[in-house]
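Residues per chain are reported as follows:
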Amino acid sequence: MKKYWNWKKTTGLMMACAVICGTTGIALAEEKQDDKASAVETVRTYEGDEGDMTLRINVPQVVGKEGYVAEINDKILDLTTDYEARADWEVAQYKDAFLATGGTEKEFADKDIQVYVDYDVKSETKDQVSFVLKAYNNMVSADYIYECFNVDLKDNSGLYFDEEMGGFTTITPETKFYINEAGNPVIVFQKYEIAAGAAGMPEFEIVK
């Protein structure tokens, strides 16, 4: 059986950290080489039967293999792989319950269960690209993925998430910080808390 998807203090500080919120997406580590070529391409296409379901798969990736591009592509790969595995598990559970209550193999096959993974490029210029990753099926309407990616194609420092992406919004009593040798507070964020993983654990010194 495939892997089952696991669902897994002051105003001064606020002003000094507010710059984190100003970024508008995850940066691409390299410039687009050909303005006519899309920065988003299909890396995997598959259509066919797998067990008791039909897969219709188009998985995107951002052109490039290093840095922030790799962060984005790894996330897409994780999302799509886990979704397919979860769908496989859910269909198997559904079939067992269906047969246990008197349904037949033919009746189950007639349900024609379809699982989709696809994407849609919403807009693209030489400076940015915006696309949506979608995954859904015709069995459970509430089970879907709709993930938005807004990629800055020229800002090489855009590591940090904006507010809609779950980035920094304000200092709270739970915000971690320490006092350095200069007597200044240094706030600390966990990996992935406010930025792409390539940023590690960001630290910001607040100079008095």
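Residues numbered from 1 in each chain as written. Predicted model: local features only at pLDDT ≥ 70, side-chain atom pairs only at ≥ 80, totals over all residues. Heavy atoms only, no water.

(A) Spotlight on the overall build of the chain. From N to C terminus, the chain includes three helices and nine strands. Order of helices (α) and strands (β) in the chain, N terminus to C terminus: α-β-β-β-α-α-β-β-β-β-β-β. Within the structure as shown, the chain displays about 12,300 Å² of accessible surface, and the carbon and sulfur contribution to it stands at 51%. (Helix = DSSP H or I, 4+ residues; strand = E, 2+ residues; numbered from the N terminus. Areas by Shrake-Rupley, 256 points an atom, 1.4 Å probe, with all protein chains shown as cover.)

(B) Main features of the pairing of strand 7 (residues 176-179). Two strands pair when backbone bridges link them, and strand 7 and strand 8 (residues 185-188) are joined in this way by four bridges, in the antiparallel orientation. Across the sheet, tyrosine 178 pairs through a bridge with valine 186, a residue of strand 8. (Pairing = 2+ DSSP bridges.)

(C) The nonpolar core, seen in detail. Counting residues in hydrophobic clusters, the biggest one holds 28 residues, and the most contacted among them are Met53, Ile76, Val117 and Phe131. When contributions to this core are tallied by element, the ones reaching two or more residues are strand 3 (53-62), helix 2 (67-100), strand 4 (114-124), strand 5 (128-137) and strand 6 (144-152). Element by element, the count of residues in this core is highest for helix 2, at eight residues. (Core = buried A, V, L, I, M, F, W, Y, C linked by side-chain atoms within 4.5 Å. Buried < 20%, exposed > 50% of the residue type's maximum accessible area, 1.4 Å probe, protein only.)

(D) Representation of the packing of aromatic side chains within the structure. One pass over the full model with this rule turns up five aromatic pairs. Centre to centre, the rings of phenylalanine 98 and phenylalanine 108 are 5.7 Å apart; their planes meet at 55°, and the pair counts as tilted. With phenylalanine 98 in helix 2 and phenylalanine 108 in helix 3 (residues 105-109), this pair connects stretches of sequence that are 10 residues apart. For the pair formed by phenylalanine 98 and phenylalanine 108, the shared burial category is buried. Taken together, a centroid distance of 5.1 Å and an interplanar angle of 15° make the contact between phenylalanine 131 and phenylalanine 149 stacked. Of this pair, phenylalanine 131 sits in strand 5 while phenylalanine 149 sits in strand 6, and the two are 18 residues apart along the sequence. Taken as a pair, phenylalanine 131 and phenylalanine 149 share a single burial class, namely buried. Grouped by ring-pair contacts, the aromatic residues Tyr94, Phe98 and Phe108 constitute a single cluster. (Phe/Tyr/Trp six-rings, centres within 6.5 Å; stacked < 30°, edge-to-face > 60°.)

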